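Results of the structural survey
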Amino acid sequence: NAGVTQTPKFRVLKTGQSMTLLCAQDMNHEYMYWYRQDPGMGLRLIHYSVGEGTTAKGEVPDGYNVSRLKKQNFLLGLESAAPSQTSVYFCASRILPGTEIYEQYFGPGTRLTVT
Amino acid sequence: AQTVTQSQPEMSVQEAETVTLSCTYDTSESDYYLFWYKQPPSRQMILVIRQEAYKQQNATENRFSVNFQKVAKSFSLKISDSQLGDAAMYFCAYRSAKRGADGLTFGKGTHLIIQP
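Residue indices begin from 1 for each chain and proceed along its sequence in written order. Following the order in which they are written, the chains are lettered starting with A and the ligands numbered starting with 1. At least 70 in pLDDT is required for a residue's local features to be given in this predicted model, at least 80 for side-chain atom pairs to be given and counted, and no such filter applies to totals for whole chains, interfaces and linings, which use all residues. Hydrogens are left out, water is left out, and the side-chain values use all remaining heavy atoms of the structure.

Turning our attention to the overall build of chain B. Runs of E in the DSSP output that reach at least two residues are strands. Runs of H or I that reach at least four are helices, and both are numbered from the N terminus. Along the backbone of chain B there are zero helices and twelve strands. Mapped from its N terminus to its C terminus, chain B presents α and β elements in the order β-β-β-β-β-β-β-β-β-β-β-β. Only C-alpha atoms enter the radius of gyration; for comparison, a globular chain is expected to reach 2.2 Å times N to the power 0.38, where N is the number of residues. Computed over the C-alpha atoms, the radius of gyration of chain B is 14 Å, within 12% of the 13 Å expected from 2.2 N^0.38 for a compact globule of 116 residues. Expressed along its principal axes, the backbone C-alpha trace of chain B runs to roughly 45 × 30 × 20 Å.

Pasting the structure below:
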């Protein structure tokens, strides 16, 4: 099992450019999440998905879009990148609620710099 | 909305000693989960320990234990016999037990330094 993987690991964008971050998990988890981590801060939830074809907003959704076309993949899109979106982005997944195993498994993170 | 507060930006402890990291949270809910995550320089988020709010017994995982005080809304992490590998950022996190109200709410973290 690879667990949760993120592509790419690093990226530099110019202001106004667009990009998509890919998160993939091979654990058959229902729930997937995107967080961002800024210096001196804990992780903050951007968007999440409770199953294939569903998405929901988290604490800081502005400027981002997401899609969950396949159960194993969760995409995070930036349509017009801004310097304020410079951050480390983490993806996480969790098995269906109601089971004993309810922890979130995190990917290794993507460092994004917007100049 | 729930908030999580970690009042110690940085803590330092001698190797083999015991250290306690503080965490308080604010919620109006009665059913929830609390977690401590470790983030070493590699950036990987690693679950250290978790506590269900409905359980009165404090969780323990080897050298790591928590002191969960539900009325005081406090959730501290005790690391016994500190090792050099424990050096990392530690984040306290909260998750509602409500179905659909998902995602973790994190504190700002405590940087733990282990002195040899």
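Next, the rest of the story.
Buried together is how nonpolar side chains tend to be arranged in soluble globular proteins. All names here are of chain B. Nine residue types can take part in a nonpolar core, namely buried Ala, Val, Leu, Ile, Met, Phe, Trp, Tyr and Cys, and a core is a set of them joined through side-chain atoms within 4.5 Å. Working definition: with a 1.4 Å probe on protein chains only, accessible area under 20% of the residue-type maximum means buried, over 50% means exposed, and in between means partly exposed. Membership of the largest hydrophobic core comes to 25 residues, with the highest contact counts inside it found for Tyr-25, Trp-36, Phe-75, Leu-77, Tyr-90 and Leu-112. Looking at this core, the elements with two or more residues in it are strand 3 (19–21), strand 5 (32–39), strand 6 (46–52), strand 8 (64–69), strand 9 (74–79), strand 10 (88–96) and strand 12 (110–115). It is strand 10 that contributes the most residues to this core, four residues altogether. Only heavy atoms matter for contacts: two residues are in contact if any of them lie within 4.5 Å across the pair. Not counting chain neighbours up to four residues away, the residues in contact with Phe-75 comprise Cys-23, Tyr-25, Leu-34, Phe-35, Trp-36, Gln-51, Val-66, Asn-67, Phe-68 and Cys-92.

Of the residues lining the interface, 20 residues belong to chain B; the matching set on chain A comes to 27 residues. Accessible area, probed at 1.4 Å, shrinks when two parts are joined; the buried area is that loss added up over both. Regarding the contact of chain B and chain A, the summed buried area is about 2000 Å², with carbon and sulfur atoms giving 48% of it. Here a salt bridge means any side-chain nitrogen of Lys or Arg lying within 4 Å of a carboxyl oxygen belonging to Asp or Glu. On inspection of chain B and its partner chain A, the count reaches one salt bridge. The salt bridge partner of A:Glu103 is B:Arg50, with a shortest N-O separation of 3.4 Å. Taken together, the elements giving at least two residues each to the side of chain B that touches chain A come down to strand 5, strand 6 and strand 10 of chain B. Ranked by residue count, the leading element in the side of chain B that touches chain A is strand 5 of chain B, at four residues.

Space left empty within the atom packing is revealed by a probe, the size of a water molecule, rolled over the atoms. We place a 1 Å grid over just the protein atoms. Points where a 1.4 Å probe fits but has no way out form a cavity, open points with protein on both sides within 12 Å along at least 5 of 7 lines form a pocket, and any residue with an atom within 4 Å of a point lines it. Grid points are joined across faces, edges and corners, and a volume is the space filled by probe spheres set on the points. Reported here for the largest pocket is a volume of approximately 460 Å³. Forming the walls of the largest pocket are 26 residues, and the residues nearest its centre are A:Glu59, B:Gln2, B:Leu104, B:Thr105 and B:Phe106. Looking at the lining of the largest pocket element by element, the count peaks at four residues for strand 5 (residues 43–49) of chain A. Amino acid classes used here: Ala, Val, Leu, Ile, Met, Phe, Trp, Tyr, Cys and Pro are nonpolar; Asp, Glu, Lys and Arg are charged; the rest, including Gly, are polar. A class-by-class count of the residues in the lining of the largest pocket yields ten nonpolar, eight polar and eight charged. Contributing to the lining of the second largest pocket are 18 residues, with A:Gln37, A:Pro39, A:Val88, A:Arg111 and B:Arg43 lying nearest its centre. Contributions of two or more residues to the lining of the second largest pocket are made by strand 9 (87–94) and strand 11 (110–114) of chain A together with strand 10 of chain B. With three residues, strand 11 of chain A is the single largest residue contributor to the lining of the second largest pocket. Of the residues assigned to the lining of the second largest pocket, the class counts are eight nonpolar, six polar and four charged.

Residues and elements named next belong to chain B. Within strand 9, five of the six residues are buried, which leaves it mostly tucked inside the rest of the structure. In this structure, strand 3 lies alongside strand 9, joined through three bridges in antiparallel fashion. Residue pairing in the sheet places Val-19 in a bridge with Ile-79 of strand 9. As paired elements, strand 8 and strand 9 share six bridges and run antiparallel to each other. Looking across to strand 9, one finds that Asn-67 is bridged to Ser-76. In short, DSSP must find at least two bridges between two strands for them to pair.

Right, let's talk about the sheet that holds strand 7 (residues 65–67) of chain A for a bit. Residue and element names in this part refer to chain A. The strand order 1-3-8-7 describes an open sheet built from four strands, whose pairing is antiparallel. The open sheet has two edge strands with one neighbour each: strand 1 (4–7) and strand 7. Going from strand to strand, the sheet's axes swing by 20° on average, the running direction of each strand aside. Looking at chain direction, strand 7 and strand 8 (residues 73–78) are connected through three bridges and run antiparallel. Axis angles are defined between N-to-C directions and span 0 to 180 degrees, where every axis is a line fitted to C-alpha atoms and, for a helix, only to the segment in contact.

By themselves, these are just geometric observations and shouldn't be taken as functional.
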